[in-house]
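So the chains spell out like this:
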Amino acid sequence: QDKCLKKIASGLYAFKTYLEYVQETFISEKQNVESLCYGTEHLARTLKQMVINPDEVTIPDPATQESLRTKLKSHKTWIEKITTHLILRDFTSFMEKTVRAVRYLKNTRSFSV
């Protein structure tokens, strides 16, 4: 259970920079993307608190995040749309797996969310 929660929390933190990029480029859905970013951040913090040793949750350092942000912003406009689509698709896939894992933990152990 603890290992699973660590992986989910670390994965959510890893998506933070990508979701910020989506927020900057997907202007037509700004409010929805802001809500998605906030919810993801909140979920990551909550799961981190549930882990036995919260320091073991991997959070990308600011230098890595800035480097990634720079790489993402260097794309041309038509690549921005593809990149945004891929980020959202990967995030959706990650969240589907997260829901399955949490459901499994909830059904097999004394785990409450």
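The notes below deal with the structure included here.

Rules behind the numbers
- Residues numbered from 1 in each chain as written.
- Predicted model: local features only at pLDDT ≥ 70, side-chain atom pairs only at ≥ 80, totals over all residues.
- Heavy atoms only, no water.
- Helix = DSSP H or I, 4+ residues; strand = E, 2+ residues; numbered from the N terminus.
- Polar contact = N/O pair within 3.5 Å; in protein donor to acceptor, adjacent residues only side chain to side chain.
- Contact = heavy atoms within 4.5 Å.
- Expected span 1.5 Å × (residues − 1).
- Buried < 20%, exposed > 50% of the residue type's maximum accessible area, 1.4 Å probe, protein only.

1. Quick look at the side chain of T84
With respect to the secondary-structure elements, T84 resides in helix 4 (residues 77-108). From its side chain, T84 meets the backbone oxygen of E80 in a polar contact 2.8 Å long. Leave out the neighbours within four places in its chain, and T84 touches Y21, V22, T25 and F26.

2. Digging into helix 4
An α-helix turns once per 3.6 residues; consequently, residues spaced three or four apart project the same way. Over its 32 residues, helix 4 extends 47 Å from the first C-alpha to the last, a length consistent with the 46 Å expected when each residue adds 1.5 Å. When helix 4 is considered as a whole, its buried residues turn out to be T83, T84, I87, F91, F94, T98, V102 and L105. On its buried face, helix 4 is in contact with helix 1 (2-25), helix 2 (30-50) and helix 3 (62-73).

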